[in-house]
Amino acid sequence: MKKIFCVLLVLCLMPFAVNAKVEVYFSPSNKCEKGIVEAIDDADTEIEAAVYAINNDNIVEALKKAHDRGVKIKILTDRLQAANKSSKVRELYDYGINIRVHSKHKIEHNKFAVFDNESVVTGSYNWTNPATNKNSENCVFFIRDKDAVEEYDNRFKY
């Protein structure tokens, strides 16, 4: 009887164990950048990202490669940051990546991405070179809770 109880307990808790594992990184360091590049490289079908600022060379190159592989990419970014001289938004747009400059709210200050509608990366980390090399930032890899992923995914449908 004890064995059956233990097996049932393990089976009931297994979904929580699978979803509980997350990785947290802080900058300045290249851990957030590296993790985001790896997540982009691992994406099979779709990437949806809401990012305040984008100018990180390695992330931009990873997005271009994903686009070339046929990954559907949607990026929502801030209007004022997109106009910044160091922004890579125009470069990504000219490359053929679907970029929407947000104007519904005063500032598009999110920093998250949904990969293949299965996992989310989020935190304060902007996709910029200063976020990697100078700023105090954080990033959380990977939220895999289905309801949470759906909430992030819905951000692109309003």
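Since the structure is predicted, the reported quantities are computational estimates derived from the model, not experimental observations.

Basis of the calculations
- Residues numbered from 1 in each chain as written.
- Predicted model: local features only at pLDDT ≥ 70, side-chain atom pairs only at ≥ 80, totals over all residues.
- Heavy atoms only, no water.
- Helix = DSSP H or I, 4+ residues; strand = E, 2+ residues; numbered from the N terminus.
- Expected span 1.5 Å × (residues − 1).
- Buried < 20%, exposed > 50% of the residue type's maximum accessible area, 1.4 Å probe, protein only.
- Contact = heavy atoms within 4.5 Å.
- Polar contact = N/O pair within 3.5 Å; in protein donor to acceptor, adjacent residues only side chain to side chain.
- Phe/Tyr/Trp six-rings, centres within 6.5 Å; stacked < 30°, edge-to-face > 60°.

Participant: Requested: an account of helix α3 (residues 57-68), with residues and values cited.
Facilitator: The end-to-end C-alpha distance of α3, which contains 12 residues, comes to 17 Å, matching closely the 16 Å that a straight helix rising 1.5 Å per residue would cover. Within α3, burial applies to I59, V60, A62, L63, K64 and A66. Contacts made by the buried residues of α3 are with α2 (31-42), β2 (46-51), β3 (72-78) and α5 (89-94). The N-cap of α3, judged by a side-chain oxygen 3.0 Å from the amide nitrogen of N58 a few residues on, is N56. Downstream of α3 by one or two residues, G70 has phi in the positive range, about 95°.

Participant: Help me get a handle on the packing of aromatic side chains, residues and values and all.
Facilitator: Here the structure, examined in full by the defined rule, presents 4 aromatic pairs. With centroids separated by 6.5 Å and ring planes inclined at 90°, the aromatic side chains of F115 and F142 adopt a geometry described as edge-to-face. Highlighted residues: F115 in strand β5 (residues 111-115) and F142 in strand β7 (residues 137-143), separated in sequence by 27 residues. Residue F115 is classed as buried on the basis of its relative accessible area of 4%. A ring pair is formed by F141 and F142, whose centres lie 5.4 Å apart and whose planes are at 85°; its orientation type is edge-to-face. The class for F141 is buried, based on a relative accessible area of 4%. Taken together, the ring pairs connect Y25, F115, F141 and F142 into an aromatic cluster.

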